[in-house]
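Now for the letters of each chain:
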Amino acid sequence: MYEFIRGPLAWACFTIFILGTIFQVVRFFSLTRKTDKVFFTPPPRRGQKNRKISRQTIAACLARLRVSIVGDHPGMVFITLVFHFSIFILPVFLMEHNMLADVLWGISFCPHVLSEMSTDILTAVILACILFFIARRIFIKRVRAISSLYDYYVIGLTTAPFVTGILAVHDIFDYNTLIILHVLSVNMILISIPFTRFAHMIFFFLNRFFIQSEISFGRGSRA
Amino acid sequence: MIKKMLGRHKAKMKLSLRICVHCGLCAESCFLYMTRGKKPEYMPSHKIINSIGKLYKKRGKVDTALLEEVKDIAWKKCVLCTRCYCPFGIDIPEMIALARRVCRSQNILPDFDKA
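Residues numbered from 1 in each chain as written. Chains lettered and ligands numbered in written order. Predicted model: local features only at pLDDT ≥ 70, side-chain atom pairs only at ≥ 80, totals over all residues. Heavy atoms only, no water.

Attention shifts here to the overall build of chain A. Check the secondary structure of chain A and you find 10 helices and zero strands. Reading the helices (α) and strands (β) of chain A from amino to carboxyl end gives α-α-α-α-α-α-α-α-α-α. Here the C-alpha coordinates of chain A stretch approximately 65 × 45 × 40 Å along the principal axes. By the burial criterion, 33% of the 223 residues in chain A qualify as buried. A fraction of 63% describes how many contacts in chain A between residues 6 or more apart in sequence connect residues 24 or more apart. Carbon and sulfur atoms provide 71% of the accessible area of chain A, an area that totals close to 14,800 Å². (Helix = DSSP H or I, 4+ residues; strand = E, 2+ residues; numbered from the N terminus. Buried < 20%, exposed > 50% of the residue type's maximum accessible area, 1.4 Å probe, protein only. Contact = heavy atoms within 4.5 Å. Areas by Shrake-Rupley, 256 points an atom, 1.4 Å probe, with all protein chains shown as cover.)

This is the structure in structure tokens:
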């Protein structure tokens, strides 16, 4: 059972994830069109020549941040950033995953793996962030107003691999059952990413970098 | 007619509705939300879920009551100032504009002369 889930099923899910992502990227470019290039050179500001970080530039940056979402919800922005970085770092730098890759294919994702202690801390951080998101959904009126059962399902599915993972590592409950649930939940997330609410993972980058808008991170060339 | 209109924009609208994670971070960017007692129904995401979201959920099979509800959201609760912020870059004004177009096609329009 475990061999099947870890083997062919995992590969099938990975394939769906990759093909689905490609499909969504292609769809994004077919749904948007290239805009005319705007030739615009901003007028030189005073003190532009001096590119060193000065107190004024820091103040200007802080002022810009204060009027952005960071100023409105600093806590939420910080926790969201920590959460999203952690859920990427933890599986890639995890010792057990790297060992598994080494045993199966003789490769390692990264030269430095996380120690057992930092793995536990990072998992605790992720779970704390998830608790914060759930609490926010329940107790903040405006978020509760738009929350549906599906939102809780998405949070639950995200939590599943971390809970089963940490329980399996510390040998709490039955290891085999936990590891099967762990791999199954990850497989489910993988096939969900391109087609469900998890698609924000793909479209965050596409929308914020490619779409020409006031809030885009780059210059944006599509509309 | 409604089905045709919704069908024309289906891919983009459904995608936008799907990637909205219901985070509520768009709230403060709406001046109506800020000035009307921070009521959740003025939040941009609440507006799109309950207008264009409902239209797509019902696959265009809508009654006058729902269109009246959509009209209220699309005109009274949004002025299309296009200042809404979405962390995922969802084009909220475009969705409200489509909701307005759907209402207009059915001759459901705001009563500006009513107090």
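To continue, consider the side chain of Arg142(A). Turning to its location among the elements, Arg142(A) is positioned in helix 7 (residues 141-146). Despite its burial, Arg142(A) pairs with no opposite charge; the closest candidate is Glu28(B), at 4.1 Å N-O. A polar contact is formed between the side chain of Arg142(A) and the backbone oxygen of Gly24(B), at a distance of 3.1 Å. (Lys, Arg positive; Asp, Glu negative; His and termini not counted. Salt bridge = Lys/Arg side-chain N within 4 Å of Asp/Glu carboxyl O. Polar contact = N/O pair within 3.5 Å; in protein donor to acceptor, adjacent residues only side chain to side chain.)

Further remarks concern the layout of surface pockets. Its volume calculated, the second largest pocket comes out at about 600 Å³. The wall of the second largest pocket is formed by 18 residues, among which Arg197(A), Leu17(B), Ile49(B), Gly53(B) and Lys57(B) lie closest to the centre. Elements with a minimum of two residues in the lining of the second largest pocket: helix 7 of chain A together with helix 2 (10-19), helix 4 (44-50) and helix 5 (52-57) of chain B. Ranked by residue count, the leading element in the lining of the second largest pocket is helix 5 of chain B, at four residues. (1 Å grid on protein atoms, 1.4 Å probe; cavity = no way out; pocket = protein on both sides within 12 Å on 5 of 7 lines; lining within 4 Å. Points joined across faces, edges and corners; volume = space filled by probe spheres on them.)

Right, let's talk about a nonpolar patch on the surface for a bit. Residues and elements named next belong to chain A. On the surface, a cluster of nonpolar side chains totalling about 1,100 Å² of accessible area is made up of Trp11, Phe14, Ile18, Leu19, Ile22, Val26, Leu100, Leu104, Trp105, Ile107 and Phe109. Listing elements by their share of the nonpolar patch, those giving two or more residues are helix 1 (2-31) and helix 5 (95-105). Sort the elements by how many residues they give to the nonpolar patch and helix 1 lands first, with six residues. The topology assignment puts Trp11 in helix 1. (Patch = residues over 30% accessible without salt bridge, like charges linked within 9 Å, V, L, I, M, F, W, Y side chains within 5 Å.)

So, about a positive patch on the surface. A contiguous patch of positive charge on the surface is contributed by Lys3(B), Lys10(B), Lys14(B), Arg18(B), Arg59(B) and Lys61(B). Note that Arg59(B) resides in the loop between helix 5 and helix 6 (64-76). (Charge placed at Lys NZ, Arg CZ, Asp CG, Glu CD.)

The next thing to look at is the interface of chain A and chain B. By a widely used convention, the size of an interface equals the accessible area lost when the partners come together. Contacts between chain A and chain B engage 27 residues on the former and 27 residues on the latter. Summed over both sides, the interface between chain A and chain B buries roughly 2,500 Å², with carbon and sulfur atoms accounting for 62% of that surface. It is Arg142(A), Ile146(A) and Arg197(A) in chain A that bury the most area against chain B; as a group they hold 26% of the surface buried on that side. There are zero salt bridges connecting chain A and chain B. Counting residues per element, the ones that place at least two in the side of chain A that touches chain B are helix 1, helix 3 (69-72), helix 6 (116-139), helix 7 and helix 10 (200-210) of chain A. Residue composition of the side of chain A that touches chain B, grouped by class: 11 nonpolar, six polar and 10 charged. (Buried area = accessible area lost by both parts, 1.4 Å probe. Nonpolar A, V, L, I, M, F, W, Y, C, P; charged D, E, K, R; others polar.)

Once that is clear, we can look at the nonpolar core. Within the largest apolar cluster, 61 residues are counted, with the highest numbers of intra-cluster contacts made by Phe203(A), Ile52(B), Leu55(B) and Ile90(B). Other than its neighbours up to four places away in sequence, Leu55(B) contacts Leu6(B), Gly60(B), Val62(B), Leu66(B), Leu67(B), Val70(B) and Val102(B). Formed by eight residues, the second largest nonpolar core is a distinct cluster that contains Cys26(B), Leu32(B), Tyr42(B) and Met43(B). (Core = buried A, V, L, I, M, F, W, Y, C linked by side-chain atoms within 4.5 Å.)

What follows is about helix 8 (residues 149-169) of chain A. Residues and elements named next belong to chain A. The end-to-end C-alpha distance of helix 8 is 30 Å, a good match for the 30 Å that 21 residues give at a rise of 1.5 Å each. Along helix 8, the helix axis deviates most sharply at Thr159, where the bend reaches about 30 degrees; the proline Pro161 sits within four residues downstream. When we look at burial in helix 8, the residues that qualify are Asp151, Val154, Ile155, Leu157, Thr158, Thr159, Pro161, Phe162, Thr164, Gly165 and Ala168. Lining the buried residues of helix 8 we find helix 4 (74-93), helix 6, helix 7 and helix 9 (175-192). Looking one or two residues past helix 8, Asp171 carries a phi angle of roughly 55 degrees, positive in sign. (Expected span 1.5 Å × (residues − 1). Bend = angle between axes of the 7 residues up to and from the residue.)

It is worth spelling out empty space enclosed by the protein at this point. All names here are of chain B. Scanning the entire structure with this criterion turns up three cavities of 30 Å³ or more. In this structure, the largest cavity spans a volume of roughly 130 Å³. Every residue lining the largest cavity is counted, 15 residues in all, and those nearest its centre are Cys30, Lys47, Cys78, Cys81 and Cys84. Elements with a minimum of two residues in the lining of the largest cavity: helix 3 (31-35), helix 4 and helix 7 (92-105). Considering each element in turn, the lining of the largest cavity owes the most residues, three residues, to helix 7. In this structure, the second largest cavity occupies an estimated 100 Å³ of space. Lining the second largest cavity we find 14 residues, and of these Cys20, Cys26, Ser45, Cys86 and Ile90 sit closest to its centre. Looking at side-chain class alone, the lining of the second largest cavity contains 11 nonpolar, three polar and no charged residues.

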